[in-house]
Structure formats: structure tokens, C-alpha cells
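Take a look at the letters that make up each chain.
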Amino acid sequence: METLSLEFKVNGQEHKLSVTPNKRLLDVLREDLNLIGVKEGCSVGECGACTVIMDGKIINSCMVLAGQAQNSEILTVEGLEKEEGKLHPLQQAFLDAGAVQCGFCTPGMLMSSYNLLQSNPDPDEEEIKDAIAGNFCRCTGYKQIIDAIKLAAERMNRQS
Amino acid sequence: MDFDFLQPTDLDEVCKLLNEYKGKVKIISGGTDFMIDLHKDELSPEIEYIIDVSNLRDLNYIKEDDNKIIIGAGTTHNEIANNPIVNKWAPVLAKATNSIGSPQIRNRGTLAGNIVTASPAADSVPALLVLNGKVKIKTSSTTKEIPLEDFFIKPYQSKINQDELIVEISFKKPPMECKSGFKKLTRRKAVDKARLNIAVLALQNNIDEIEILRIAPGSITPTPERFEKTENILLNKRPTKELIKKAAEQVSSTMIEKSGYRWSTEYKKPVIKTMTRRILTRVLEVE
Ligand SMILES: Cc1cc2nc3c(=O)[nH]c(=O)nc-3n(C[C@H](O)[C@H](O)[C@H](O)COP(=O)(O)OP(=O)(O)OC[C@H]3O[C@@H](n4cnc5c(N)ncnc54)[C@H](O)[C@@H]3O)c2cc1C
Ligand code: FES
Ligand code: FES
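The shown structure was predicted, so the numbers you read here are calculated from the model rather than taken from an experiment. (Residues numbered from 1 in each chain as written. Chains lettered and ligands numbered in written order. Predicted model: local features only at pLDDT ≥ 70, side-chain atom pairs only at ≥ 80, totals over all residues. Heavy atoms only, no water.)

What about the overall build of chain A?
(1) Moving on: Looking only at helices and strands, one finds five helices and five strands in chain A.
(2) Moving on: The order of helices and strands in chain A, counted from the N terminus, is β-β-α-β-β-β-α-α-α-α.
(3) Moving on: In terms of overall dimensions, chain A is globule-like: its C-alpha atoms have a radius of gyration of 16 Å, near the 15 Å expected for 160 residues.
(4) Moving on: Over its C-alpha atoms, taken along the principal directions, chain A stretches across nearly 50 × 30 × 25 Å.
(5) Moving on: Within the span of chain A, comprising 160 residues, buried residues form 52% of the whole.
(6) Moving on: Considering only contacts within chain A whose residues lie at least 6 apart along the sequence, 55% involve residues at least 24 apart.
(7) Moving on: Total accessible area on chain A stands at roughly 7400 Å², and carbon and sulfur atoms take up 45% of it.
(8) Moving on: Within chain A, the 23 negative side-chain charges are centred at a point lying 3 Å from the centre of the 15 positive side-chain charges. (Helix = DSSP H or I, 4+ residues; strand = E, 2+ residues; numbered from the N terminus. Rg over C-alpha atoms; globule rule 2.2 N^0.38 Å. Buried < 20%, exposed > 50% of the residue type's maximum accessible area, 1.4 Å probe, protein only. Contact = heavy atoms within 4.5 Å. Areas by Shrake-Rupley, 256 points an atom, 1.4 Å probe, with all protein chains shown as cover. Lys, Arg positive; Asp, Glu negative; His and termini not counted. Charge placed at Lys NZ, Arg CZ, Asp CG, Glu CD.)

This is how it looks when you write it as C-alpha cells:
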């Protein structure tokens, strides 16, 4: 098996890595780049815990082979913090609305909701539900998560 | 599972590699079926090379000409579901692709991947069947086009050889006045493969007689197909509640005829009957 030279941008930073071709994007992010905010739940595309943004779209990083991310731009939950130690308004809203219990689904939820607010700054409840339909939460029953996304949208709209 | 990863930059190169490594090579596109096989270690041990086509611009397009809609094999479910041409001419396909999995799955999963995997429950397939879809297949030396209805051999096996690449899926534009519907039944709302699905396309003339009727239920026959016997019950007639009921019964008896009596039949029989009745009632606007 020939190793693969993978060049891509993650959270704004260029990387050039040598990886074995059978690794998933999920493995590269967690193991090679130590971005352990990206979670592995089901490993088969169902839970959304491994959700990251690739070239502007949410994807399950367990469903992408490392080499397929060649030349792409990836955003993980670690990239949401703009300044060291300062939470993104979505993260703050998740905390304030009680949307984080065990926290396992949170990074994926954040990426799906971040992606939603990028294109739709003022989503209604249905739009929020559709946007997080591929993210499972076993703890909260979703209400707090939906509230958190509404709260974040409100705060972000007030700011801008 | 060890393999080399190849990323050819055009279709000729893909076909050349498929030919060169025939028997030892597999295509990956969106990976939403492939990665599950990889994870479960269910890829054939003969595979030594993986060819990635997910970044090929030449497989990613939706075009129309005067008669046809043409969709590149690597177009994703979300790109199809949100495309204005598809929504105008084939809302049934937009609806079917929009029902697949989750946003994350629809952002990666492709039309060609969905049909090659040949799951009896594939959601794009009933929609493409009522559109009389065709599949264009390329090798290093030939190009051919086959009707989608001839594409399936048995559950999870389609008529695609190892040296063949699907390049596009196309269908004739149905008359603008056509009505259509797609319905699926799943266990959970999000992220689930259909247990049962059905697509219908119909055209009625100015005195309500049915001139075109195409019905394709998924997940109830070994390979997806149009139910022409059922269509004939209503064709050239004005739809009534009674005729629709008869058609719905016909669907469930055809299911048993084709699939035999199985553990799931007891569940599927009444459900597919109801689904057929409802979708026909809605599409044909019977009071
Ligand atoms: C969580 C989850 C939920 C899902 N829900 C649904 C659902 O609701 N409905 C549904 O229908 N499906 C569903 N699926 C299945 C899946 O998303 C589709 O079958 C998808 O369309 C496959 O496309 P892909 O590009 O990801 O294929 P891949 O996984 O890349 O490939 C699948 C197969 O097709 C072959 N292939 C791909 N492209 C070509 C080509 N151009 N020429 C020749 N061969 C090719 C590959 O070699 C492979 O054998 C779901 C999957 C997951 C993981
Ligand atoms: S770990 Fe990727 S979707 Fe569950
Ligand atoms: S907070 Fe535990 S899974 Fe969502």
C-alpha cells in the first residue's frame, strides 16, 4: 500500500500529511491532527457525531476516505473559536440554553447549526430541525438544542 | 484492508485504469455505501486499487436540451433535490432524492452510487423508473445506454461490470402537465433507509382520462420495476375510488407473485396497499 500525500486546509491552516489510503477523514483529523472535537459514534453515517464542514457543506467524516479530502477546506469545531479562549456565539448559546448534557453530539450539532446560520441567519423551527436531522442526541430530546440555535441566531443578528 | 488510492483527472483516464486493473479495482464516489463496506471489512479481498471519482467535474452536472434532462453520474442527492431544472421537469426525482438519509448523506451520496448499490429500497430508483430513466455506461473502448429497468439483476447486484463507469443518467422530459408523487415510509423520520417507497407519474386529458400512468413501488420486489399490470387498470379511464382500490390490491398481489410469501409480507401487504391508494388518490385528484 503506497502512502498518500494529502494536502488540505483545516481550520484555516494548510497541512501536508503522509497518510495510508485506507484511513478515513475522521481518523486523519483525530489522529494526525489531534482534532479530537470530531467524535466517532456509529462509524456508519447515522449519528452525525463526526460532522465537519468540507468545502462549505456538512459531511460525515466517517464516510469520507482521507484521499477524497485532497485540496479541500475543512472546518471542525476547533475552528469555530475565533480568538483563543473565546467561544463562538453558538457555543455560548448551547451552554446557556442547556443544550449540552453529555456533550458527545455537541461538536457535530454545532457544525450543522453553524452551517445553517451561514446561509440562513434567521431560521424557523422547521429549518432548524431539517438542518440537524442527521445529528443524533441521546440526552436532550432536541428541544434545548433547537432553543440554543434560535438564541444564537438572535444574538448574532443583534450583533451585526 | 490495504489498497492504493487513485485519483484520475478525466473520464478516459478512469476507464483506462478500470480496464488495466480489471478484477482488482473499485470506484468510490460519495462513499456512503462504500465506507460502510470498508468499515465492516466487507470489501472484496481482491481489491487492490480504489479509484476516486468524487472530485471529477466531468461527472457533476445537470443539463437539459429540448427533449431530455441529463444528470452526471456524480451529482449528489442534494444537488439534484435543489436543482431548478429537476424541480421544474421532474419534481418526483427532487422529492425522492431529498428524502434520502440526512443532509450529510445527501451532500455526499450520488445518483450513480444509489443505483449501482441496487438496494431494493433505493429512493432515487422508483422516481427514475417512472421517468423512464436511462443509464449511460462507458468503458475504455465503448459507450452504451441501457434503460434503468434493465439495470438490476437481484437485490444489491446491478449489471455493471468492473471495467464500466456510469457517466450519466437521463430521461425524456415528461409533458409539462404531468402530475407526480413520491412517498416513503420509514421507521424513524430522519436518517433511515426506506422500508417501502413508491413513485407515480400521470397525465390526464381534458376530460380527465388517464393518458400516461407509471407506477413504481420500491422495496417490494427483488428488483425495482414498474407495475404495468397495475397501470393498465387505470389507463385510458377516468379515475374513480373503485378503480384506485382495485389498482392498490393489484400492487399487493403482484408483490406476492414476484417476491413470494415472506416474513415481511404480513406487514407489507396492507401497508403498500394503503400507500398506493393514497398516492394515486392524491396524484389523480380523486375526491
Ligand atoms: C446513514 C445512511 C442513510 C441512507 N439513507 C438512504 C435513504 O434514505 N435512501 C436511499 O436510497 N439510500 C440511502 N442511503 C444509501 C446511500 O446514501 C446511497 O446509496 C448513495 O446514493 C450511494 O452513492 P455514493 O456516491 O455514496 O456511492 P459509493 O458508496 O461511493 O459507491 C456505491 C457503489 O457504486 C459504485 N459506483 C459509484 N459511482 C459509480 C459510477 N459512476 N460508475 C460505476 N460505479 C459507481 C461504487 O463502486 C460502489 O459499488 C443511506 C446511506 C447511509 C450511510
Ligand atoms: S460516526 Fe460518523 S456518522 Fe456516526
Ligand atoms: S448531549 Fe449527550 S448525546 Fe447530545
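The structure having been displayed, the exposition proceeds.
A word on the sheet that holds strand 5 (residues 73-75) of chain A
All names here are of chain A.
(1) Moving on: Strands sit in the order 2-1-5-3-4 across an open sheet of five strands; the sheet is mixed. Either end of the sheet is taken by a strand with one partner, and the two such strands are strand 2 (13-19) and strand 4 (57-60). Strand-to-strand, the axes of this sheet are offset by a mean angle of 40 degrees, without reference to chain direction.
(2) Moving on: Sitting on the sheet, helix 1 (residues 25-32) touches strand 1 (4-10), strand 2, strand 3 (51-54), strand 4 and strand 5, and the angle it makes with strand 2 is about 105 degrees.
(3) Moving on: Contacting strand 3, strand 4 and strand 5, helix 3 (residues 106-119) crosses the sheet at an angle of about 35 degrees to strand 3. (Pairing = 2+ DSSP bridges. Axes fitted to C-alpha atoms, helices over the stretch in contact; angles between N-to-C directions.)

Quick word on the nonpolar core
(1) Moving on: Judged by nonpolar contacts, the single largest core of 56 residues is most densely connected at I71(B), L93(B), I115(B), L148(B), F151(B), L165(B) and I166(B).
(2) Moving on: Within the second largest apolar cluster, 37 residues are counted, among which are L6(A), V52(A), F3(B) and I50(B). (Core = buried A, V, L, I, M, F, W, Y, C linked by side-chain atoms within 4.5 Å.)

What to know about the pattern of salt bridges
Close approach of charged atoms lets side chains of opposite charge pair.
Residue and element names in this part refer to chain A.
(1) Moving on: Summed over the entire model, instances satisfying the criterion amount to 20 salt bridges over all chains.
(2) Moving on: Ionic pairing is found between R24 and D27, a salt bridge with its closest N-O pair at 2.8 Å. The pair R24 / D27 is uniform in exposure class, with both members buried.
(3) Moving on: The closest approach of N and O atoms between R24 and E40, which form a salt bridge, is 2.9 Å. Separated by 16 residues along the polypeptide, R24 in the loop between strand 2 and helix 1 and E40 in the loop between helix 1 and strand 3 bring together distant segments of the chain.
(4) Moving on: On the basis of relative accessible area, E40 is assigned to the partly exposed category, the value being 31%. (Salt bridge = Lys/Arg side-chain N within 4 Å of Asp/Glu carboxyl O.)

Description of the site of ligand 1
(1) Moving on: Taken together, 36 residues lie near ligand 1, and T32(B), D33(B), H77(B), T110(B) and D123(B) sit nearest.
(2) Moving on: Surrounding ligand 1 are residues belonging to chains A and B, so the site spans chains.
(3) Moving on: At a separation of 2.7 Å, an oxygen atom of ligand 1 approaches a polar backbone atom of F34(B).
(4) Moving on: A distance of 3.0 Å separates an oxygen atom of ligand 1 from a polar atom in the backbone of G101(B). (Near = heavy atom within 4 Å. Polar contact = N/O pair within 3.5 Å; in protein donor to acceptor, adjacent residues only side chain to side chain.)

Focus: the domain arrangement of chain A
How big an interface is tends to be reported as the loss of accessible area on association of its parts.
Residues and elements named next belong to chain A.
(1) Moving on: Entries for chain A in the domain assignment read domain 1 (4-79) and domain 2 (89-159).
(2) Moving on: Computed over C-alpha atoms, the centres of domain 1 and domain 2 are 21 Å apart.
(3) Moving on: On the side of domain 2, 13 residues touch domain 1, which itself brings 17 residues to the contact.
(4) Moving on: At the boundary of domain 1 with domain 2, total buried surface from both sides reaches about 1100 Å², with 65% on carbon and sulfur atoms.
(5) Moving on: At the surface where domain 1 touches domain 2, the tally comes to zero salt bridges.
(6) Moving on: Secondary structure elements with two or more residues in the side of domain 1 that touches domain 2: strand 3 and strand 4.
(7) Moving on: Ranked by residue count, the leading element in the side of domain 1 that touches domain 2 is strand 3, at three residues. (Domains from an automatic or database assignment. Buried area = accessible area lost by both parts, 1.4 Å probe.)

Overview of the packing of aromatic side chains
Residues and elements named next belong to chain B.
(1) Moving on: In the structure shown here, the tally under the stated rule is two aromatic pairs over all chains.
(2) Moving on: An angle of 10 degrees between the planes, with centres 3.8 Å apart, marks the rings of Y21 and Y49 as stacked. Taken together, the residues Y21 in the loop between helix 1 (11-20) and strand 2 (25-28) and Y49 in strand 3 (residues 49-52) connect sequence positions 28 residues apart. Each member of the pair, Y21 as well as Y49, carries the same accessibility label: buried. (Phe/Tyr/Trp six-rings, centres within 6.5 Å; stacked < 30°, edge-to-face > 60°.)

Looking at the interface of chain A and chain B
(1) Moving on: Each partner contributes residues to the interface: chain A has 32 residues there, and chain B has 30 residues.
(2) Moving on: A combined buried area of about 2400 Å² lies between chain A and chain B, and 61% of that area is made up of carbon and sulfur atoms.
(3) Moving on: With its nearest N and O atoms 3.9 Å apart, the salt bridge here joins E79(B) to K57(A).
(4) Moving on: Seen at the junction of chain A and chain B, the total is ten residue pairs in polar contact (both at pLDDT 80 or more).
(5) Moving on: Mapped by element, the contributors of at least two residues to the side of chain A that touches chain B are strand 3, strand 4 and helix 4 (125-131) of chain A.
(6) Moving on: Sort the elements by how many residues they give to the side of chain A that touches chain B and strand 4 of chain A lands first, with four residues.
(7) Moving on: Here the residues of the side of chain A that touches chain B are counted per class, giving 14 nonpolar, twelve polar and six charged. (Nonpolar A, V, L, I, M, F, W, Y, C, P; charged D, E, K, R; others polar.)

A few points about the environment of P147(B)
Residues and elements named next belong to chain B.
(1) Moving on: Turning to its location among the elements, P147 is positioned in strand 7 (residues 143-147).
(2) Moving on: Residue P147 is classed as partly exposed on the basis of its relative accessible area of 30%.
(3) Moving on: Each C-alpha atom of the pair P147 and M1 lies 35 Å from the other, and the pair is 146 residues apart in sequence.
(4) Moving on: Leave out the neighbours within four places in its chain, and P147 touches G133 and K134.

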